[in-house]
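# Notes for the structure review
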Amino acid sequence: MWDLNRLRIWRAVVATGSVVDAARSLNYTSATVSQHITTLQKSVGVPLYRRSGRGIEITDLGKRLAEESADVFTGLSRLDTLVESFRTVNRPRMRIAAFTSFNAGLLPGIIEPVAREHPDMRFDIQLNEPAKVRRSHCTIEIRSEVPQDDEVHLPGMTRTVLFDDDYRVVVSDRHRFARLESVPFKDLEDQRWVDYDLWAGPTSRVVDLACAAAGFEPRTFAASEDEFAALALVASNLAITVLPRLSSAQLRPGLTAVGLTDPTPMRRVVMHVREREAHLPHVRSFVTAAEAVVADYLAR
């Protein structure tokens, strides 16, 4: 006697109080909803509703039917979860942790060939910023390092250097630096700066070391943990900021990235691969793709 789809439609009618509103919430036509609840009422054999003007009046049984059927749909949801858990138990899964600019700039090109070779693969992508955050159970972790500091080795993972990423000064198109091919780092001393890394992680530590080497402290105009907000201030020609090349590769209109010299700040980008999963085909595919994508990035 019970048609679950009709019962689901009936619950929507009771919840909204009208056929029209239920149809709108279900993306059905009013005529379709009316047909289903009419058929349900006939199969029950007892009135669930009565016509009242241009609408309907729901009977006590109709309300109780909607209330008591909640357990039915809760049980169905548990069954769906159970089946899905068995369906995906053997589905390969790769957990990747990386910083924002890597995820945006390079990760799609790495994942593309892996997904082609392993079409059932699920990718879980996490952020590992600020740097003190350690993502557990990751297959791959991409991190920034300060070249002057000691190497970081994560337990149970193999470390591989991917590339060194040089920094650029990012300015408004209206700024005088925008017309130059490169700028001596010392020339940034009198500029107003936007600090976009409030976590004081490796990315900003590289800048701090460059400022120290050039003999000055930056004049901080604003600080923001939101890179988009920081760049909006730069685009308004209120200040400048210094970003790694990867972070400045796809700037919004109105911004220009200019090379830096004497010194050229540099961060190191490294990949950590979980040792116990390194032999898996999809992990090997990821490592191979990462090497190819990085080589292409460096050749630009």
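Residues numbered from 1 in each chain as written. Predicted model: local features only at pLDDT ≥ 70, side-chain atom pairs only at ≥ 80, totals over all residues. Heavy atoms only, no water.

## With respect to the overall build of the chain
- Along the chain, the regular secondary structure elements total ten helices and twelve strands.
- On C-alpha atoms alone, the chain measures out to a radius of gyration of 29 Å, which is more than a quarter above the 19 Å that the 2.2 N^0.38 rule sets for 300 residues.
- Taken along the three principal axes of its C-alpha coordinates, the chain extends 90 × 50 × 30 Å.
- By the burial criterion, 40% of the 300 residues in the chain qualify as buried.
- Intrachain contacts of the chain at a sequence separation of at least 6 include 74% that bridge at least 24 residues.
- Approximately 16700 Å² of the chain is accessible, and the part contributed by carbon and sulfur atoms is 50%.
- Across the chain, the mean location of the 38 positive side-chain charges is 8 Å away from that of the 39 negative side-chain charges. (Helix = DSSP H or I, 4+ residues; strand = E, 2+ residues; numbered from the N terminus. Rg over C-alpha atoms; globule rule 2.2 N^0.38 Å. Buried < 20%, exposed > 50% of the residue type's maximum accessible area, 1.4 Å probe, protein only. Contact = heavy atoms within 4.5 Å. Areas by Shrake-Rupley, 256 points an atom, 1.4 Å probe, with all protein chains shown as cover. Lys, Arg positive; Asp, Glu negative; His and termini not counted. Charge placed at Lys NZ, Arg CZ, Asp CG, Glu CD.)

## Topic: the side chain of glutamate 145
- The topology assignment puts glutamate 145 in strand β5 (residues 140–145).
- What makes glutamate 145 buried here is its relative accessible area of 6%.
- In this structure the side chain of glutamate 145 is engaged in a polar contact, spanning 3.4 Å, whose partner is the backbone nitrogen of valine 152. (Polar contact = N/O pair within 3.5 Å; in protein donor to acceptor, adjacent residues only side chain to side chain.)

## Here's the deal with the UniProt feature "domain: HTH lysR-type" (unreviewed entry) in the chain
- Taking the numbering used here, the UniProt-annotated feature "domain: HTH lysR-type" (unreviewed entry) corresponds to residues 2–59.
- Within the segment residues 2–59, helix and strand shares are 62% and 14% respectively, and the terminal C-alpha atoms sit 19 Å apart. (UniProt positions renumbered as here; feature names shortened; annotations may be inferred.)

## Points about the side chain of serine 285
- Checked against the element boundaries, serine 285 lands in helix α10 (residues 281–299).
- For serine 285, a relative accessible area of 11% gives the class buried.
- The residues contacting serine 285, other than those within four sequence positions of it, are Val114, Glu117 and His118.

## Quick notes on the pairing of strand β3 (residues 93–98)
- Relative to strand β4 (residues 122–127), β3 runs parallel, the two being bridged by six bridges. When the bridges of β4 are listed, alanine 98 appears paired with leucine 127.
- Relative to β5, β3 runs parallel, the two sharing two bridges. Residue pairing across strands places isoleucine 96 opposite isoleucine 140, the latter belonging to β5. (Pairing = 2+ DSSP bridges.)

## A look at the pattern of salt bridges
- Counting across every chain of the model gives 14 salt bridges.
- Between arginine 122 and aspartate 124 there is a salt bridge, with its nearest N and O atoms 2.8 Å apart.
- The class for arginine 122 is partly exposed, based on a relative accessible area of 38%.
- Notably, a salt bridge pairs arginine 268 with aspartate 164, separated by 2.8 Å at the nearest N-O pair. One end of the pair, arginine 268, is in strand β12 (residues 266–274); the other, aspartate 164, is in strand β6 (residues 157–172), and 104 residues separate them in sequence.
- Here the salt bridges share partners, and the residues they tie into one network are Arg93, Arg122 and Asp124. (Salt bridge = Lys/Arg side-chain N within 4 Å of Asp/Glu carboxyl O.)

## With respect to the packing of helix α2 (residues 19–26) against helix α3 (residues 30–44)
- Interhelical geometry of α2 versus α3 gives an angle of 110 degrees and a closest axis separation of 8 Å. With respect to their mutual orientation, α2 and α3 come out roughly perpendicular. Taking contact as the criterion, the partners of Val19, Val20 and Ala23 in α2 are, on α3, Ser30, Val33, Ser34 and Ile37.
- Among the residues forming the contact of α2 with α3, the class breakdown is five nonpolar, two polar and no charged. (Axes fitted to C-alpha atoms, helices over the stretch in contact; angles between N-to-C directions. Parallel < 35°, antiparallel > 145°, perpendicular 65-115°, else oblique. Nonpolar A, V, L, I, M, F, W, Y, C, P; charged D, E, K, R; others polar.)

## Structural notes on the pairing of strand β1 (residues 49–52)
- The pairing of β1 with strand β2 (residues 55–58) spans four bridges and is classified as antiparallel. When the sheet's bridge partners are listed, serine 52 is paired in β2 with glycine 55.
- Between β1 and β2, which follow one another and run antiparallel, lie two residues, and glycine 53 among them has a positive phi close to 65 degrees.

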